[in-house]
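Tertiary structure, described
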Amino acid sequence: MKKKITIFGSTGSIGLSTLDIISQHNDKYEIVGLSINNNYEKLLEQVSIFKPKIVSIKDTNSFEKFKNRNTLKNLKILNGSDSFDEILNFETDIVVAAITGSAGLLPVVGAAKRGITIALANKESLVCSGSLVTALAKKNGSMILPVDSEHNAIYQVLDIKNKQNVSKLILTASGGPFLNKITEELEHISPEEAIKHPNWTMGKKISVDSATMMNKGLELIEAHYLFDMPHDKIDIVVHPESIIHSCVEYSDGSILAQMGNPDMRTPISYTLAYPNRIPTRVEKLKLSEIKKLTFYEPDLLKFPCLELAYSSLKIKKSAPTVLNAANEIAVDAFLNKKISFLSIHKIVEKTLNKASISDINSIKDVVEIDTESRSIATEFLTNYRI
Ligand code: MG
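None of these values were measured; they are calculated from a predicted model. (Residues numbered from 1 in each chain as written. Predicted model: local features only at pLDDT ≥ 70, side-chain atom pairs only at ≥ 80, totals over all residues. Heavy atoms only, no water.)

Quick word on the overall build of the protein chain
Selection criterion: Every helix listed is a DSSP run of H or I at least four residues long, and every strand listed is a run of E at least two residues long, numbered separately from the N terminus. To sort residues, take the accessible area from a 1.4 Å probe on protein chains only and compare it with the maximum for the residue type: under 20% means buried, over 50% means exposed, and anything in between is partly exposed. Two residues qualify as a contact provided that any one of their heavy atoms is within 4.5 Å of a heavy atom in the partner residue. Only the protein chains shown count as cover for residues, with accessible areas throughout obtained via the Shrake-Rupley method and a probe of 1.4 Å. Note that His is not counted, nor are the chain ends; the positive residues are Lys and Arg, and the negative ones are Asp and Glu. Where a charge lies is defined by one atom per residue type, namely NZ (Lys), CZ (Arg), CG (Asp) and CD (Glu).
Counting secondary structure elements, the protein chain contains 18 helices and 11 strands. Along the first, second and third principal axes, the C-alpha set of the protein chain runs to 55 × 50 × 40 Å. Counting the 386 residues in the protein chain, one finds 56% classified as buried. For the protein chain, the share of sequence-separated contacts (at least 6 apart) that also reach a separation of at least 24 residues comes to 69%. Here the protein chain displays about 17200 Å² of accessible surface, and carbon together with sulfur accounts for 50% of that area. Positive and negative side-chain charges of the protein chain, numbering 46 and 45 respectively, have mean locations separated by a distance of 5 Å.

Considering the nonpolar core
Threshold: Nonpolar cores were defined as sets of buried Ala, Val, Leu, Ile, Met, Phe, Trp, Tyr and Cys residues, with membership established by side-chain atoms within 4.5 Å.
Leu169, Leu323, Ile339 and Phe341 are the most contacted members of the largest nonpolar core, which totals 85 residues. Element by element, the count of residues in this core is highest for helix α16 (residues 319-335), at 9 residues. Not counting the four nearest positions on each side in its chain, Ile339 is found in contact with Ala330, Ala333, Phe334, Ile344, Ile347, Leu381, Tyr384, Arg385 and Ile386.

Some thoughts on the coordination of the magnesium ion
Condition: Water is not part of the atom set, so a site may look incomplete; the donors themselves are N, O and S atoms within 2.8 Å of the metal, or 3.2 Å for Na, K and Ca.
Protein-derived coordination of the magnesium ion comes from Asp148 (OD), Glu150 (OE) and Glu219 (OE), at a distance range of 2.0 to 2.1 Å. Site description for the magnesium ion: donor spacing in sequence, D-x1-E-x68-E.

Looking at the domain arrangement of the protein chain
Note the cut-off: Residue ranges assigned to each domain were obtained from an automatic or database domain assignment. Buried area, as used here, totals the accessible surface that two parts lose on assembly, with accessibility defined by a 1.4 Å probe and the loss added over both.
Examined at the domain level, the protein chain breaks down into domain 1 (3-146), domain 2 (151-261 + 288-308) and domain 3 (317-386). Just the C-alpha atoms count here: the centres of domain 2 and domain 3 sit 23 Å apart. In this complex, domain 2 contributes 22 residues to the contact, which on the side of domain 3 involves 17 residues. Looking only at domain 2, the three residues that lose the most surface to domain 3 are Glu187, Pro191 and Leu308, adding up to 30% of its buried area.

Comments concerning the pairing of strand β1 (residues 3-8)
As a general feature of sheets, a regular strand has side chains that alternate between the two faces. Note the threshold: A pair of strands is labelled paired if DSSP reports no fewer than 2 bridges between them.
In terms of residue burial, β1 counts as a mostly covered element, since 5 of its 6 residues are buried. Of the pairings in the sheet, the one linking β1 to strand β2 (residues 29-36) comprises 6 bridges and is parallel in character. By the bridge assignment for β2, Phe8 is matched with Ser35. Sheet topology places β1 next to strand β5 (residues 94-97); 4 bridges connect them, and they run parallel. Counted as the bridge partner of Phe8 is Ala97 from β5.

Observations regarding the sheet that holds strand β11 (residues 255-259)
For clarity, the threshold we go by: Working convention: axes come from line fits to C-alpha atoms, limited for helices to the stretch in contact. Angles between N-to-C directions cover 0 to 180 degrees.
Taking strand neighbours across the sheet as the criterion, the 4 strands line up as β9-β8-β10-β11 in an open arrangement whose pairing is mixed. Either end of the sheet is taken by a strand with one partner, and the two such strands are β9 (234-238) and β11. Going from strand to strand, the sheet's axes swing by 20 degrees on average, the running direction of each strand aside. Inspection of the sheet shows strand β8 (residues 166-173) paired to strand β10 (residues 244-250) by 4 bridges, in the antiparallel sense. Across the sheet, the residue bridging to Lys168 is Glu249, located in β10.

Description of the sheet that holds strand β6 (residues 117-120)
Read across the open sheet, the 7 strands follow the order β4-β3-β2-β1-β5-β6-β7; overall the sheet is parallel. Edge strands, defined here as strands with exactly one partner in the open sheet, are β4 (76-79) and β7 (144-146). When the angles between neighbouring strand axes are averaged without regard to direction, this sheet yields 20 degrees. Relative to β4, strand β3 (residues 54-57) runs parallel, the two sharing 4 bridges. By the bridge assignment for β4, Val55 is matched with Ile77. Its contacts with the sheet put helix α2 (residues 40-50) on β2 and β3, and the angle it makes with β2 is roughly 165 degrees.

Points about the pattern of salt bridges
Under the convention used in this document: By salt bridge we mean one thing: a side-chain nitrogen of Lys or Arg within 4 Å of a carboxyl oxygen of Asp or Glu.
The full count for this structure, using the stated rule, is 23 salt bridges. Linking Lys53 and Glu30 is a salt bridge whose minimum nitrogen-to-oxygen distance equals 3.9 Å. Pair noted here: Lys53 is in the loop between α2 and β3 and Glu30 is in strand β2, with a separation of 23 residues, a long-range link. Close ionic contact of Asp148 with Lys123 constitutes a salt bridge, the shortest N to O distance being 3.1 Å. One end of the pair, Asp148, is in the loop between β7 and α8 (149-157); the other, Lys123, is in helix α6 (residues 123-129), and 25 residues separate them in sequence. Connected through salt bridges with shared partners, the residues Lys123, Asp148, Glu150, Lys216 and Glu219 form a single ionic network.

Laid out in structure tokens, this is it:
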């Protein structure tokens, strides 16, 4: 029996890597549904190769164009993000949640409600919803397998049945493209420079998050909810080579690490094949060629986003939701050349200070807090326009 896969965000970086793995193993997997924002030309290609039963296109203009050019018979074509639920009504074994930002929350919630296994690439959905998503998944027997390379690494080496023996989770961080720049040099960074990551090929938003190190801050919060570990038992270490993808430290002094070339096809394939493993086209790591690996403490003064993420995790409640929403607005404004690179953390900080922090009891609360935080952050943008 082939495993049935639905991908939310099939034309993004994670979606493309997932389809690369599936094209190599079409005896094991079949595509049921694909959902995209607006890249309908890419979707036309994907549909002709993978022959899904249903597709969803968020952008109405792209939806019309796709419909006019599609030649696959019996394909159900939906428009708008409220079509997530309809896709999930098609039988699916694994949902690959690869939409960036809090926009990716609803398909994750939909899959969790239905007890479907989730290959989770959308870290924002865990960051913004507190323990709601993990609790919902647990209640309905939905397994969350992390795609994020750090969390995937921890998942591989964490002895979950004997968690009392775990003393620490250690998240590694590449440090991004500006690790060796001084703060003054960061003022005039362009979006083009910020999205050039030294080791990983990723989407634009996550690349900027990596450059501000907010990505590691979001991952800290993600690790807290995913592995139910207190914030003071999660460390971050800068490891510029991105060979060790994260580690677990045990009470006896052992540290178990997962290593590999930095290529998302390794963690994605792990989630698709779990608990087995399948071959990928990822180049194998040659340790004798690497020779040395280096590790540093993160510089919280140079990367204030990391500090903001730490403090919002200490506050908890809706603070991480606010942090995430403000960051999405600020990063989008930076990518559109409306604010400078160094204004990103200022907008996040001001929004955190202004927003009222409350308990999160439902997904409706999350959506409301997310919307409100976005409008607060949008107001602050005007103070920092360039
Ligand atoms: Mg990561």
